[in-house]
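Architecture at a glance
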Amino acid sequence: PSYAPQDVPQEKRVLEIPARAQNMRRSFGYLGIKRGFDYDIVRELVRQGRIFETVKQIEGTTYHDTAFAGLDERGVIQSVSLRSCETQSTFKTEAQGSNKAFPFTMPGRKGADTLYVFESAIDAMSHATLCKLVGEPWNNGVRVAMGGNNTIQPILRLLKEHPAIQNITFGLDADEAGQKMTVAYMKALKN
C-alpha cells in the first residue's frame, strides 16, 4: 500500500504558549555548544521570535526547554515545539493547541529561490550552519521543519508567501519514514 499525506482539517484550539525563561542562557548553551550551531544564526532566530527558552516547575523541579515557534504571516505564534536544554535529556514535545499548518521556518533573504524541507528545527539549523561554514549565505533559502507533518499545506503556504521559490530540496531523514514522506510530498506537489 502507498502512503499519501492527509489534509486533515484543524479544529479550533487555543495554543498554550509556555512561560518564557528570564534569559536564554541554557538554550544558547544547548544550541551553540551541544549542537554546534552558529551563534549569529541562533541570535537572529531569537531576534525574530522564532526561538525562545521556556521554564516550568513540576513537583519542585525546574525544567528549561528550547522552544521553536511557528509563526503566521503576521508574526503571531501558531505552534511551538519544545526540546529539553538538558544535555542528557531526549525530551521533545509540542505545546498544546499547536497548529501544524504553521511549523518552524527560517525565512530566507528577499528573493530566495529555494525551499528546503526538513523534519525538525534542528535539521534546518544544521543545514544553515553548514552553509555558513562553507562560505555560502546561511539565509540562501527558506527552510521549513515539518515536525512530523503529514500534510502538504505548510509547503503550499510557503510557496504562496514566497513567489520567487523555483526549487524545493527535501532533506528528510534517510530512513523509511523520511523517504516515504519525501515521495508523498513530491507526488502531492505534482498534482
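Above: the structure in question.
Scope of this entry: the structure provided in the associated data block. Only a predicted model underlies this, so the values are computations on that prediction, with no experimental measurement involved.

Before going further, it helps to examine the pattern of salt bridges. In this structure the tally under the stated criterion is nine salt bridges. A salt bridge links E44 to R47; the shortest N-O distance between them is 2.6 Å. One end of the pair, E44, and the other, R47, are both in helix α2 (residues 39-47), three residues apart, so they sit about a helical turn from each other. For E44, a relative accessible area of 22% puts it in the partly exposed group.

Taken as a whole, this structure holds two aromatic pairs when the rule is applied. Where F68 meets F104, the ring centres are 5.6 Å apart and the plane angle is 85 degrees; that geometry is what we call edge-to-face. Here F104 lies in the loop between β4 (92-94) and β5 (105-106) and F68 lies in strand β2 (residues 61-71), a separation of 36 residues in the sequence. For F68, a relative accessible area of 2% corresponds to the buried category. Classification of F104 by relative accessible area gives buried; the value is 3%. Here the aromatic rings of F170 and Y185 are separated by 6.1 Å at their centres, their planes lie at 15 degrees, and the arrangement is stacked. Here F170, found in strand β8 (residues 167-170), pairs with Y185, found in helix α5 (residues 176-190); they are 15 residues apart in sequence, far enough to count as distant. Among the residues examined, Y185 registers a relative accessible area of 1% and is labelled buried.

As a further point, take the pairing of β2. Counting buried residues along β2, eight of its 11 residues qualify, which places the element largely inside the surrounding structure. Connecting strand β1 (residues 51-58) to the next strand, β2, in antiparallel fashion are two residues, including E59 with a positive phi near 50 degrees. Sheet analysis places β2 next to strand β3 (residues 77-84), joined by seven bridges and oriented antiparallel. Bridging from a neighbouring strand, D65 pairs with S84 of β3. Between β2 and the antiparallel strand that follows it, β3, lie five residues; G75 among them carries a positive phi value of about 85 degrees.

Rules used throughout
- Residues numbered from 1 in each chain as written.
- Predicted model: local features only at pLDDT ≥ 70, side-chain atom pairs only at ≥ 80, totals over all residues.
- Heavy atoms only, no water.
- Salt bridge = Lys/Arg side-chain N within 4 Å of Asp/Glu carboxyl O.
- Helix = DSSP H or I, 4+ residues; strand = E, 2+ residues; numbered from the N terminus.
- Buried < 20%, exposed > 50% of the residue type's maximum accessible area, 1.4 Å probe, protein only.
- Phe/Tyr/Trp six-rings, centres within 6.5 Å; stacked < 30°, edge-to-face > 60°.
- Pairing = 2+ DSSP bridges.

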